[in-house]
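Structural characterization, general
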Amino acid sequence: MKKFLVWLFCLILLTQPVFAQSEKLIILNTNTGQNTDADTGQNAGAGEQNSSDTTENTDNVNTQQTGNVDISAPSALLMEASTGQVIYEKDADSKRPPASVTKVMTLLLIFDALQEGKIHLEDEVTTSEYAASMGGSQVFLEPGEVQTVETLIKCISVASANDACVCMAEYICGNEQEFVNQMNERAKGLGMENTHFVNCNGLDAEGHVTTARNIALMSRELIHTYPQIFDYCNIWMEDITHTTKKGSTQFGLTNTNKMIRQYEYATGLKTGSTSQAKFCISATARKDNTDMIAVIMAADDSKARMRDAITLLNYGFGKCQKYQEDTVKKIQDVPVKHGVEKKVGAAQMELFSYVDVTGADLSTIKKIVKLKENATAPVRQGDKIGEVIYSLNGKEIGKVDILATEDVEEISYGSAMKEAVRGWTL
């Protein structure tokens with residue numbers, strides 16, 4: 001009789017209807033951004049930049065084109081790098097040739113290959129006749145000449161060498177066209193909808209275009225994912241050695257980005273100029289732990305390019321104040337329906353940061369933690385089960401997901417039987 005009752009109990013449990021996961025949210029708490037307990041709000045320069053934060057506050061875009069900002073170039077954009085927030089833009093979505101600023105994407109793919117272990121800094125790369133034939137800015141590699149990957153990165157970052165770009169494209173993908181295909185795929189992954197690359201170095205070519213906004217996106221990805229790029233693009237002068245059948249000769253690299261020496265906060269990144277593109281730059285700078293990206297396209301000359309970039313960067317540093325969490329509070333467990341466990345752990349996995357250009361009091365930032373009323377098994381680690389919503393003066397300024405910290409399997413006949421037997425034997 002006892003065994004029959006156990007069997008009947010399990011049958012009833014397993015035949016209960018499984019409802020869809022509830023979308024009802026429970027508001028757990030509301031608090032301000034003041035320095036209380038473990039939740040800390042800080043103004044610009046007061047806190048460490050969170051390199052893992054990927055929340056972009058694109059709903060608070062400041063597109064001022066007048067007042068304190070006088071930009072002569074037809075296209076420009078200023079972005080705060082840690083959040084991706086756009087602070088200023090001027091015709092930022094018009095397609096234009098980018099010249100050697102193209103090499104930001106080339107470098108991004110090179111560092112992708114390094115991270116994936118496909119190539120190594122000490123690898124030796126042989127120059128093809130095609131690579132050696134590149135015109136424009138170059139380091140005059142000769143066919144058959146061998147250089148290391150790291151040397152070629154320096155040639156690209158410092159001297160904007162077109163021949164070095166093609167060497168690396170061929171080394172990574174076998175030929176330049178396949179490398180360019182991967183450049184375009186990487187661009188799509190970054191949301192660069194108005195970009196199409198035709199080559200890996202930025203020489204003028206029909207259909208080779210991008211936008212100021214897209215340049216900022218790929219520049220942010222490069223410096224955010226591979227901050228070691230600064231070790232290369234900050235080199236002012238360095239010699240490399242050409243070793244060919246004619247012997248060994250020294251060749252001096254000089255940085256094409258004069259802002260490295262002429263603007264005290266400059267950290268990079270890439271200049272470019274051709275007859276069609278005119279003068280372009282993706283200029284990065286840091287002041288008080290705040291990183292800016294200023295993009296200028298189609299400036300009339302190199303002086304105008306630099307003047308516009310410095311104007312944007314100074315505007316950004318002067319207007320911006322930054323809210324940066326350094327810790328987050330513990331999140332309560334979430335109930336689980338039809339799971340082998342009754343609850344699942346929850347946590348805010350990313351810190352939140354926000355850039356304000358209005359002069360608001362960032363200590364009044366409020367946050368609300370919202371969790372689903374319950375989760376339905378199976379639950380997987382990393383599943384979204386809530387969010388933290390941040391607001392300033394009654395307006396939402398961003399949110400961060402709350403994720404499950406563990407797996408919870410769906411209850412089965414075997415686990416139900418085991419639980420039932422355990423209950424009868426207690």
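Definitions and cut-offs
- Residues numbered from 1 in each chain as written.
- Predicted model: local features only at pLDDT ≥ 70, side-chain atom pairs only at ≥ 80, totals over all residues.
- Heavy atoms only, no water.
- Helix = DSSP H or I, 4+ residues; strand = E, 2+ residues; numbered from the N terminus.
- Salt bridge = Lys/Arg side-chain N within 4 Å of Asp/Glu carboxyl O.
- Pairing = 2+ DSSP bridges.
- Axes fitted to C-alpha atoms, helices over the stretch in contact; angles between N-to-C directions.
- Phe/Tyr/Trp six-rings, centres within 6.5 Å; stacked < 30°, edge-to-face > 60°.
- Buried < 20%, exposed > 50% of the residue type's maximum accessible area, 1.4 Å probe, protein only.
- Left-handed = near helix turned anticlockwise from the far one by under 90°.
- Contact = heavy atoms within 4.5 Å.
- Nonpolar A, V, L, I, M, F, W, Y, C, P; charged D, E, K, R; others polar.

1. A look at the environment of threonine 376
Turning to its location among the elements, threonine 376 is positioned in strand β16 (residues 375–376). The sequence separation of threonine 376 and glutamate 410 amounts to 34 residues, and the corresponding C-alpha distance is 8.1 Å.

2. Some thoughts on the pattern of salt bridges
A side chain of one charge can pair with a side chain of the opposite charge when the charged atoms of the two come close. What the rule picks out here adds up to 17 salt bridges. For the salt bridge of arginine 213 with glutamate 89, the shortest nitrogen-to-oxygen distance reads 2.7 Å. Residue arginine 213 is found in helix α7 (residues 212–225), and its partner glutamate 89 is found in strand β3 (residues 85–90); the two are separated by 124 residues along the sequence. Each of Lys384, Glu387, Glu396, Lys399 and Asp401 takes part in a single network of salt bridges with overlapping partners.

3. Quick look at the sheet that holds strand β10 (residues 290–299)
Two pairing modes exist for strands in a sheet, parallel and antiparallel, and in both the strands are linked by backbone hydrogen bonds. Strand order across the open sheet formed by 5 strands is β3-β2-β10-β9-β8, with antiparallel pairing between neighbours. Sheet topology places β3 and β8 (266–274) at the edges, where each strand pairs with a single neighbour. Going from strand to strand, the sheet's axes swing by 10 degrees on average, the running direction of each strand aside. In this sheet, β3 lies alongside strand β2 (residues 75–80) in antiparallel orientation, the contact comprising 5 bridges. Pairing of methionine 79 across the sheet is with valine 86, part of β3.

4. Examining the packing of aromatic side chains
Inspection of the entire model under this criterion finds 8 aromatic pairs. Taking the centre distance of 5.8 Å and the plane angle of 65 degrees together, the rings of tyrosine 265 and phenylalanine 317 count as edge-to-face. Linking tyrosine 265 in the loop between α9 (259–262) and β8 with phenylalanine 317 in helix α10 (residues 302–319), this pair joins segments that are 52 residues apart in sequence. What makes tyrosine 265 partly exposed here is its relative accessible area of 21%. Cluster of aromatic residues (ring-pair linked, three or more members): Phe111, Tyr226 and Tyr232.

5. Some remarks on the packing of helix α2 (residues 103–115) against α7
Helices that pack against each other are described as a pair by the angle of their axes relative to one another and the distance between those axes. Where α2 contacts α7, the axes come no closer than 9 Å and their chain directions differ by 35 degrees. Once α2 is placed against α7, the crossing between them reads as left-handed. In this structure, α2 contributes Val104, Met105, Leu107, Leu108 and Phe111 to the contact, and α7 contributes Met218, Ser219, Glu221 and Leu222. Class assignment for the residues of the contact of α2 with α7 results in 7 nonpolar, 1 polar and 1 charged.

That is the geometry; function is a separate question.
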